Amino acid sequence: MICRSFEPIYARDARVMIVGSMPSVKSLADAQYYAHPRNAFWPILFDIFGVMPHNDYEAKKALIREHGLALWDAAACCEREGSLDSNMRDVVYNDFAVLYARCPRIRTVLCNGGTAHTLFVKSGFAGDRRVIRMPSTSPAYTMAYEKKLEMWRAALEEALAAP
């Protein structure tokens, strides 16, 4: 099946961009980034920024903007059966130059997992930005939540503190 990513979520003053690979089947069906209830993405951000967990997608998008972040996927579209990144074929990349023009302060890119990192680097849009491969927040990546949280917190705090 052909999968198409969502529009980016961003603050114009964003300094950190989080890059995924392609939304899961559940996310595509719900038209929301990281909609699978077992994906740790939103719980990690809630914990880092001290927000009570909730399911209000508009408030989740506001959380991204309020903290100077941008969120987008490396792939604009691809063919894929199911949700596994390993099943992605015929990837067309998002045009990050457009987002950089809107958010010229982005200096750090946090890639949500190995496939997101590989695709983003392959896309050629890294430029002189620092690109960091983060542990995937997907339930398919079996690292303990506490370890994922610790690594995401350290990377986000460092990147947001940078001038």
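Every residue gets a number counted from 1 within its own chain, in the order that chain's sequence is written. Owing to the predicted nature of the model, reporting of local features is limited to residues with pLDDT of at least 70; listing and counting of side-chain atom pairs is limited to 80 or more, with chain, interface and lining totals taken over all residues. Side-chain figures throughout are based on the complete set of non-hydrogen atoms in the structure, without hydrogens or water.

(A) Region of the structure containing the environment of V25. Per the convention used, a helix needs a DSSP run of H or I reaching at least four residues, while a strand needs a run of E reaching at least two, with both numbered from the N terminus. Checked against the element boundaries, V25 lands in helix α1 (residues 25–30). Buried residues are those whose accessible area, probed at 1.4 Å on protein chains only, stays under 20% of the maximum for their type, while exposed residues exceed 50% and partly exposed ones sit between those limits. The exposure class assigned to V25 is partly exposed, which follows from its relative accessible area of 36%. For V25 and N55, which are 30 residues apart along the polypeptide, the C-alpha to C-alpha distance reads 18 Å.

(B) Fine view of unusual backbone geometry. Positive phi is not limited to glycine here, since A31 has a value of about 55°. Within the fold, A31 resides in the loop between α1 and α2 (41–49). Despite not being glycine, Y34 shows a phi value in the positive range, around 50°. Looking at where Y34 falls in the secondary structure, it is placed in the loop between α1 and α2.

(C) Inspection of the pairing of strand β7 (residues 108–112) at higher detail. Of all the five residues making up β7, five are buried; the element is thus mostly covered by neighbouring parts of the structure. What you see with β7 is no split at all: T108, L110 and N112 on one side and V109 and C111 on the other are buried throughout. Whether two strands pair depends on DSSP finding at least two bridges between them. Pairing geometry for β7 and strand β8 (residues 130–134), over five bridges, is parallel. What sits directly across from N112, in β8, is M134. After leaving β7, the chain enters helix α5 (residues 114–123) and then returns to the sheet as β8, a path that is right-handed. The handedness rule is simple: strands pointing away from the viewer, and a clockwise path from the first strand over the helix to the second, make the crossover right-handed.

(D) Representation of α2 within the structure. Among the nine residues of α2, seven are classified as buried, and the element is accordingly described as predominantly covered. Structurally, α2 contributes buried residues whose contacts are with β3 (16–20), α3 (57–66), β4 (69–73), β7 and α6 (145–161). Immediately beyond the C-terminal end of α2, within one or two residues, lies G50, with a positive phi of roughly 65°. Residue contacts are counted whenever heavy atoms from the two residues lie within 4.5 Å of one another.

(E) Here's a closer look at the layout of surface pockets. Put simply, the grid is 1 Å and covers the protein atoms alone, a cavity is a trapped set of points that fit a 1.4 Å probe, a pocket is an open set with protein on both sides within 12 Å along at least five of seven lines, and lining residues have an atom within 4 Å of a point. Grid points are joined across faces, edges and corners, and a volume is the space filled by probe spheres set on the points. Computed from the structure, the second largest pocket encloses a volume of approximately 190 Å³. The wall of the second largest pocket is formed by 13 residues, among which Y34, A35, P37, N55 and K60 lie closest to the centre. Counting residues per element, the lining of the second largest pocket draws most heavily on α2, which supplies three residues. Residues are grouped as follows: Ala, Val, Leu, Ile, Met, Phe, Trp, Tyr, Cys and Pro are nonpolar; Asp, Glu, Lys and Arg are charged; every other residue, Gly included, is polar. In the lining of the second largest pocket, the residues fall into six nonpolar, five polar and two charged.

(F) Spotlight on the packing of aromatic side chains. For Phe, Tyr and Trp, where Trp contributes only its six-membered ring, two rings pair if their centres lie within 6.5 Å, and the inter-plane angle classes them as stacked under 30 degrees, edge-to-face over 60, or tilted in between. The tally for this structure, following the rule as stated, stands at nine aromatic pairs. The interplanar angle of 20° and the centroid separation of 4.1 Å between the aromatic rings of Y34 and F41 together place this pair among those described as stacked. According to the relative accessible area criterion, Y34 is buried, its value standing at 15%. Grouped by ring-pair contacts, the aromatic residues F6, Y33, Y34, F41, W42 and Y57 constitute a single cluster. Cation over ring: R129 sits above Y100, and NZ or CZ is 3.4 Å from the ring centre. We count a charge as sitting over a ring when the NZ of a lysine or the CZ of an arginine lies within 6 Å of the ring centre and within 35 degrees of the ring normal.

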